Each structure stands twice: as structure tokens, then as C-alpha cells.
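Here are the chains, one letter per residue:
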Amino acid sequence: MNSERVNLTITVNGKTHHLQIPPHRYLAEVLRYDLGLTGTKVGCNEAECGICTVLVNGVPVDSCIYPAVKADGCLVETIEGLATNGAENGRIFRDRISPRVRTSYYRPEQLKGLHPLQAEFVRHGAVQCGFCIPGLIMTAKALLDANPQPTDHDIKVALKDTYCRCAGYPAIITAIKSAAAIMRGEPPLPVTIPESERPLHVVGTNVIRPEAVAKVTGKAVYTDDIQFPDQLYGRTLRAAYPHARILAIDTSQAEALPGVYAVLTAKDVPGRLHHGLVYQDWPALAKDKVRYIGDPVAIVAAETEEIAAAALDLIQVTYEPLPVVDSPEAALAPGAPLVHEEWETGNLLKHIKVRHGDIEQGFAEADVVVSRTYHTATTEHAFLEPECAIGVPAGYDAAHPRLTIYVGSQIPYADRNQVAACLGVPDSAVRIVSPLVGGGFGGKEDIAAQIHVALLAQRTGRPVKMLYRRDESLRFHPKRHATTIHIRMGAKRDGRITAVQAELYGDGGAYASLSDKVMTRATTHATGPYAIPHAKIDCYATYTNNPPSGAFRGFGVTQSAFAVEQTIDILAYELGIDPLALRRKNALRVGTTTATGQTLRESVGLIQTLDEVARRIAADKTPLNPGGNRVRAWGIACAYKNTGLGGGAPDKSAALVEVYPDGTAEIRTSAAEIGQGLVTVVAQITAEELGLPYDRVRVLLSDTDLTPDGGPTTASRQTYVTGNAARMAAGRMREMLASVVAERLDVPPGSIRFEEGLLRANGRRVAFGEAVQWLIDEGREPRAYYEYVAPVTQPLGTGGDMHFAFSFATQAALVEVDLDTGEVHVLKVIAVNDVGRAINPVGLRGQVEGGVMMGLGNCLTEAFIVEKGVPFTNVLARYKMPGIKQTPEIVSVIVEDPTADGPYGAKGVGEISSIPTTPAICNGIFNACGVRVLTLPVDQDALLRALRNGRLEVTE
Ligand code: FES
Ligand code: FES
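Just so it is clear, the structure is predicted and the values come from calculations on it, not from any experiment.

1. Topic: unusual backbone geometry
And step 1. A cis amide bond links leucine 936 with the next residue in sequence, proline 937, at an omega value of -10 degrees.
And step 2. When you line up the elements, proline 937 lands in the loop between β36 (932-933) and α23 (940-949).
And step 3. We note that asparagine 762 has phi near 55 degrees; this positive angle belongs to a residue other than glycine.
And step 4. The residue asparagine 762 is located in the loop between β28 (758-761) and β29 (764-767) in this model.
And step 5. Judged by its relative accessible area of 66%, asparagine 762 falls in the exposed class.
And step 6. Notably, lysine 868 is not glycine yet its phi reads approximately 50 degrees, a positive angle.
And step 7. Summarising the element assignment, lysine 868 is placed in the loop between β33 (866-867) and β34 (870-871).

See the structure below:
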């Protein structure tokens, strides 16, 4: 390997460094790995996402592709240099890896000394997963240095090449304008959020994320920010074909390469070879055949990444290519090649059925019947933090007596169990620690590098880090299912829908992942949020040689809502009924029954969301005749989405609260914070229950040694399930403290009130910390644990409650179509969500803004393109996500129709906020220009062709 070094002198945040570096090193690598300034993040290595932005002599640059030698003699500014309250200047890696990696704590004084941009990003709730934030703030700093009074347009232009996938762009714009105001000596802009209708002491109020300050200062720790002095670097050799038999693997040359410590293949897996969240069909290392282009064939650990990469080139694999199954239709064709020869139903992973009423009778009763076929695309999560994992071998040091995996995970306990099974060791021999997660959206539920770093660490006896580059991330991880949906809907003349029949064909890709569950949700939601007396839905989830499909925000409902909500509009058109009125007539409400046979007894806020949207459209002043060759119209769509796993799956979460004599509390659970704001929610709930100020509660998440199992972060379940676990654990602690204090004060325990850090009764008061000390003095543990078990649900096909709660939503999109070009612009979205109770309105707004933007991308631009099993989308630049320039005005409105068992009435919001956006835009397109788009994403050239040729539908 080339060991040449060049001298580099740079001044970073005012401190000069003299370094010797390899000549090809990029500035981001020098900052992150040589200087330990890990606040600068890397998301793509291809100058596409902009999150690595730093300033060189005041000019913003993409440090991921900026040769470090170019910065020789320059002044470099990074996120760590902005704050004046203790900027870090590097070399902080190992010190951060205390067992309490995730302890979070917010104190108001932390905002002091921050740069106005940092403080305003925190105050306005512009920070979600946080991974993009350093790059956004540095880009914004360059803007404000040059332009102290930027307009919205100026901000959009400056940030047009810097992505935030959590997409709180409206909050980001406001935060930048507010910071600019402060820097001009003017008052900051007020924080405007949709407040809860019924705020309590802390729940429902505007609070700041405990981890937000760390995220805006560059101190937040994500997995790749952790580094061990003697760590090795892992790389993965992936399949050369989407479908092929492996005839031989020769690793001898790679093993002989100096600096290589291990080369492992399937034969080196000591335990169970396969992993999988539902079916264990996914080999940790491919053995006899490869089934998609991301299949891992061999893994390497080496002294440097360069050596590891070189070793991959030396591994010889002999393949026998096999015919490629590239679509559900091909998978189900007679005589199709089999992806999994041993699967009993061939390439049919699962046939999922919904039967309700008598479908023949339903259509016989209908006066009007419409039918269409819809196609949705494979889409990509594009979380900005690529997958990364570090395996630390058992016995490495005192802090790691057992095998430890650091990984940003959505399901830490499932990771632990799957790693242990593949290693052939008990679950208790493995510890999973999750640092912060730079976005997930469902894409970090499956195993990525966890098992590989475990195998390599155990084999080499040294820590091993695997960081996927963006191309590997795109190639490897599960996507949203491309789905074809044939749907037929019948209604009476008065608008009462009598029947829905549908067939769905979902591309599950090479391995099952969560296809069974995702496509079940697509099936059960294929009648939309409407009371349909007769329904017959069949879904075919298939194995193909495409990348696996799995969980993705919306969990299958995104696809079926696209079809249902456009078909409803088509039906309304045929019937001559207003689409909103048609929806209202058939809307689910208390007392109605879903297509799976569940009678809804409470918390059905759909009608309120429809009414709120109608009221706001009527009041909207945006001109609908822009002139020229542009046309505008509103489109609406509704949605519902289950909260929790449902379908009979046990759904539970545990939390533990510990209180301290200094008057603080810590709440612990293994539930992932992926940007959605769970840390804030459990801190608020704990503070509420214990009557503590919010800033006296710490949160510790996702360490399987220290925090109980909160279950998967999926199905919009964490606020409900883990929120309840936190609430009950804190309630138990409250009872313990009340009993101690009641005895000392000689009052009934029930008379004690917990308020603002005090316990009050009969005109007397005891400080919370003093009460804790009394508890300890009695020899009792100041800890309370609670495992919350959600209400029982029934499997599909058995009737009864398939889910314990649903969220409801209506969205309206104001769409403009350019008749000359076919371009579609979304000007405004009104998003009304029934969430039961808004526990954290700031976080909720972020979820809604991000959900709308993800729905907008799903509609207009996003497609992960695969040709014969080989991704064309192999770099981020080929995946078109909407950025700040495409951001419409987003009006977020909360409806709070509480659910009885949710914490304070809350149910999920993470997914519902994204589901109606796509069909609302498509209905808007039709209403504007008369062309219906049946295939996603909307192909604007095809739309233009349809406009020119007088065609009424786009099916391409
Ligand atoms: S542009 Fe540098 S990491 Fe994406
Ligand atoms: S906060 Fe921007 S990517 Fe998550």
C-alpha cells in the first residue's frame, strides 16, 4: 500500500494544526478522523447531500470531496467553532464511550453562548435526527455573513444543495431568519407551532429536545463518531450477479495481503447462518447462491480501509449466473426460476386476503362501478447517515467484558438476538449500544453490518468498524415495495360505496424482511378509511432478485392509499358528487366497521380532519388563476394508519425510572430515537407524572445492558407503547414516594400532590430530592420498572380488533401544472392529523413537515431504478429527493380525538403524516389539468405528452 505522506498546515476554528497526511485525503477525513472534529458529517462522498459543508476562508465547501491539501494554509471553520461556550477541538473519541452513551439532558442555560443560528435551530424545532444540521448551519452561516437580511428565496437558494431528509425545511427557514434578526440586533421570531388543545403541566407544551444542543454544536455522537485506537476496518464483498450459484470462493490471496487480519465466508459463521425479523431466510454470508446484487459473499478486516478494499479485489468467486426474476409478474409466471428453491409456495412469499361481506352482492347493489390499475415505484429511505457498526470483542477492556456492538439501530434487542444466534452464543453474551441515529424511516430495522462486525471482532480480537459508503447503502438495504394495484369500486347514486375489490402485487425482493407485515398492512388498508360493506382484497407478496423490500414509513399503506384515494375521486367524478362530500359520507366513524371486521368504538377523528380541511380551503386566499399557461387546483386525500404492531402480535415495552436525591430522575428504555422525538416524549411524560420540571429528567435509550426492551421503533408505536411504559413506571415511583412522604407527614398518600419538584399536602411541602432520600433511608431502591402490554389484537381473518388504535388524516394540496412543460409544483399543503393527543407539538410539527415532504418526493420525483436486478440508482445523485426549493407552504393542524389507552390519549403520527400527500397531489393534478396519473412517480414528460395528445390518463 502507498505510505506516502504530505505536510498539511491548517487552522481550524482558530487552532493551527501541522499534520502529515496521505496526499489523497479529503478535508472531511482530516477533520473527522485526524482531528476528531466529528461534528462534520458525511452522507454521500459525492458532493450531493451537502451535509459535510464547512467554511474554507469563509467559503462553504463540500469537505467530502475537497482535497485536504487544497486547504493548506487556510482558515477552516466547522460547527465546533461556532459556539463560545466550550467548543471542542478534537481528540475526544474514546472518552465519549462511557456505558452511558445515550444519557441526554437539557438545561436552558445550554442555549447561552451558542451562535444565534445554533440557538434558533434549537428553539424553532428545526433539529430532528440532527445528522444534516452541522452542514445546514455552516451553509447558513456563510449566507448570513454575506447577507444579513435574507429573504425566504435567498435562504432556499443558499441551501438548495444541502439536504435534510427529516425535511423540517419550514422550521429551518424560520430559524435562519430568526438568527439573522438577532444578528441585526432585532428580536428573534416567535416560535409558531400548533399547540395542543389541552396542554398539561409538561405534556402538550412547547419544550426543547434534550439532545438538540448536542446536535447543533457537533457534540452529538453517531456510530461513526466513535473510534478505537487500535480498531480495524471491515469491508464486504457483495454479489457480482443478482442471481447466481456460487461454485467456489478462494480467499487465499486476500488473506496473504499484508495488513489483512481476517477474511470470512459463510463457512466461518459458527451459529445460525440466516437472520430475519419474520422469517430467517437471509444469510449473513451467502453460501450456495446469491439472490440479489447486495448479497454479502465475504467480509474482510484490515489495518486500513484501503487495505480492506484492496483485499476484496483479491477474493476469487466463481459463479454460475442464473436467470433473473425481476418483477412480481415474472415471479408468479409458470416455470419461473425460483429465488428460494426450498420455499414451499415457490416465489410467492405470501398470499394475503381480506374478505368482508359478499363482494358479488356489493357490486350488484352498485349503480356506478369504476376500476383502474396503479403502479408505485421502489423507493429509498435515503437516511443521511449511512449504516455503520462497530464490533468490540468480548474482554477487550474493562468496559467491554462481553461482545459489544455499537450501531444506530431501530430494534436493539432484535439485533442482539440475531447477532447472538449467528455467533452461536446466548443472547446475554452480546450487548447492543445505540448511539444517535441519523434517520431511519424503517430502513434500519433489518440487520446490516451488525453480524459482520461481530464475527470479525471475535475472530481478530480487535474492534472492527464497518461504515457503508452511500453506493453500498443504496445497493444493500431494503426499500419500499414497488406495488401494482388493480382496484374496482362500486357505489350507489347517492354516494354510498357498496363494494371494493382489489388485487395487489408487491415486489418483496430477494429476502422476506418485513414483506409479510408490510403487504398485510397494504391489504388491510386497501379500502381506505371508509366503511365498506363488501370487500375482497388479495395481495401477493413475491420473492424476486431485486433488492429486498421492507419497512418504510407508511408500511404499505402509502401504496394502497395512492390507489384508493384516486379511485374515490374518480368515483366522485362519475357520480357528480364533491370528492370531499363523498369521503365524508363514507368515512369511518365511531360505530362503523373496517374491512377486517373491527368495529371502531372510540377515537375516530376523520370527520374532524375533513371538516378542518374544508374550512381552511374555503378560507384560503391563494389565487387559483395564475395566468399564462399555468393551471392550479386543490386535491384532497384521506388516510388512516394503525398505531402499534396489531394482527395478534404481542406488543409491549418496558421502561425503568430512577430518581435521585438531587431532585432529578432518569428514564431508561431501549426504544430508538431516530429523529422523531422520542427522547422528548418520554422526558415529558416522566416529568408530567413525577411533577418535575422538564429539565430535571434525563433519558437513557437503547443500551441492552442498561435499558429494558422497548420493542421495535416501527408502526408509529413508540409514543403509545413506550410512552405508556414510561408513564406507568413513573406512576409506580410516584406511589412509592407518596407512601414514604405520607407516613412522615401523617397524611393519606392520595392527598399528596406532585408539583414543580415538590410534594405538597396539608399546607406542607417536601422537596422531591428529600423525598427520594427518605425512600433510600428506608432501604428501598429508588427505581421503578414497568412492562406495558398493549391491548390484545386479533390476527387478520379472525375478525375483532386487529389494531388497538388508528390515527386519521386529511390533506389538501394546492397544485400548479405548467401546461407548456408538464411541470408540477406543489404550492401549499394543509395537513390535518388526528393524533389523539399532541404530547410534543414541536416534534409533531417536524414529523408532519417531514412526512409531507417525503410524500411529495414519493409522488413527484423518487424512484429507485433497478434493471434486471441491477440498480441504476447506485449514487445519491441518481435518486431525486425534494429539497428546500421544492418545499411548499405547509399548514399543520392537530385534531385531538383521544384514544382511551394511549398516554393522555395519544396515538401515532410518524406515518400518517406522510400517507395522504401523494394521492392529494395526484388529485390536484387531475383537478388542475384533467389528466389522471396512475403511475408513480409522476413523469412530467409523460404528463406533457398526455396533455398534448388529449389523453386523460398517464400509465407510463
Ligand atoms: S456532499 Fe459531502 S457528504 Fe454529501
Ligand atoms: S434532521 Fe436533517 S436529516 Fe435528519
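Still to come is the rest of the account.
2. Considering the pattern of salt bridges
And step 1. If you walk through the whole model with that rule in mind, you get 57 salt bridges.
And step 2. Between glutamate 186 and arginine 184 there is a salt bridge, and its shortest N-O distance comes to 2.9 Å.
And step 3. You can call glutamate 186 partly exposed: its relative accessible area is 36%.
And step 4. Taken together, the shared-partner salt bridges in this structure form one network comprising Glu658, Glu666, Arg668, Arg698, Glu781 and Arg783.

3. Things to note about the packing of aromatic side chains
And step 1. Applying the stated criterion to the full structure yields 19 aromatic pairs.
And step 2. Taking the centre distance of 6.4 Å and the plane angle of 75 degrees together, the rings of tryptophan 282 and tyrosine 292 count as edge-to-face. Taken together, the residues span a long stretch of sequence, with tryptophan 282 in strand β10 (residues 282-283) and tyrosine 292 in the loop between β11 (289-290) and β12 (296-302) at a distance of 10 residues. For the residue pair tryptophan 282 and tyrosine 292, the accessibility class agrees, reading buried in each case.
And step 3. On the numbers, 5.7 Å between centres and 80 degrees between planes, the contact of tyrosine 468 with phenylalanine 476 is edge-to-face. We note that tyrosine 468, like phenylalanine 476, is buried.
And step 4. Each member of the aromatic cluster is reached from another via a ring pair, and the members are Trp282, Tyr292, Tyr468, Phe476 and Tyr511.
And step 5. Sitting over the ring of tyrosine 468, arginine 238 keeps its end group 5.1 Å from the ring centre.

4. Observations regarding helix α14 (residues 515-524)
And step 1. When you tally the buried positions in α14, you get 9 out of 10 residues, the bulk of the element.
And step 2. All buried positions along α14 are accounted for by Ser515, Asp516, Val518, Met519, Thr520, Arg521, Ala522, Thr523 and Thr524.
And step 3. The elements touched by buried residues of α14 are β14 (348-356), β20 (483-491), β21 (497-507), β22 (534-542), α15 (557-575) and β23 (630-642).

5. Some thoughts on the domain arrangement of the chain
Accessible area lost during the coming together of the parts is what is often quoted as the interface size.
And step 1. When its domains are assigned, the chain resolves into domain 1 (1-192), domain 2 (584-640 + 803-954) and domain 3 (652-789).
And step 2. Centre-to-centre, using C-alpha coordinates, domain 1 lies 33 Å away from domain 2.
And step 3. In this complex, domain 1 contributes 20 residues to the contact, which on the side of domain 2 involves 20 residues.
And step 4. Each partner contributes to the roughly 1,800 Å² buried at the junction of domain 1 and domain 2, and carbon and sulfur atoms together form 60% of this total.
And step 5. Arginine 165 is the partner of glutamate 862 in a salt bridge, and the nearest nitrogen-oxygen pair spans 2.8 Å.
And step 6. Our enumeration of links across domain 1 and domain 2 arrives at 8 residue pairs in polar contact (both at pLDDT 80 or more).
And step 7. It is helix α5 (residues 169-183) that contributes the most residues to the side of domain 1 that touches domain 2, 4 residues altogether.

6. Some details on the sheet that holds strand β1 (residues 6-12)
And step 1. Read across the sheet, 5 strands follow the order β2-β1-β5-β3-β4 without closing on themselves; strand pairing throughout is mixed. Whereas interior strands pair on both sides, the edge strands pair on one side only; in this sheet they are β2 (15-21) and β4 (59-62). Adjacent strand axes in the sheet meet at a mean angle of 40 degrees, parallel and antiparallel pairs treated alike.
And step 2. Across 2 bridges, the pairing between strand β3 (residues 53-56) and strand β5 (residues 75-77) is antiparallel. Each residue of the ladder has a partner; that of valine 56, found in β5, is valine 76.
And step 3. Packing of helix α1 (residues 27-34) onto the sheet brings it into contact with β1, β2, β3 and β5, and relative to β1 it is tilted by some 75 degrees.

7. Description of the pairing of β4
And step 1. As defined by bridge partners, β3 adjoins β4 across 4 bridges and the pair is classed as antiparallel. The residue bridging valine 56 from the neighbouring strand is valine 59, located in β4.
And step 2. Linking two consecutive strands that pair antiparallel, namely β3 and β4, is a turn of 2 residues; a positive phi of about 50 degrees is found at asparagine 57 within it.

Conventions and cut-offs
- Residues numbered from 1 in each chain as written.
- Chains lettered and ligands numbered in written order.
- Predicted model: local features only at pLDDT ≥ 70, side-chain atom pairs only at ≥ 80, totals over all residues.
- Heavy atoms only, no water.
- Helix = DSSP H or I, 4+ residues; strand = E, 2+ residues; numbered from the N terminus.
- Buried < 20%, exposed > 50% of the residue type's maximum accessible area, 1.4 Å probe, protein only.
- Salt bridge = Lys/Arg side-chain N within 4 Å of Asp/Glu carboxyl O.
- Phe/Tyr/Trp six-rings, centres within 6.5 Å; stacked < 30°, edge-to-face > 60°.
- Lys NZ or Arg CZ within 6 Å of the ring centre and 35° of its normal.
- Contact = heavy atoms within 4.5 Å.
- Domains from an automatic or database assignment.
- Buried area = accessible area lost by both parts, 1.4 Å probe.
- Polar contact = N/O pair within 3.5 Å; in protein donor to acceptor, adjacent residues only side chain to side chain.
- Pairing = 2+ DSSP bridges.
- Axes fitted to C-alpha atoms, helices over the stretch in contact; angles between N-to-C directions.

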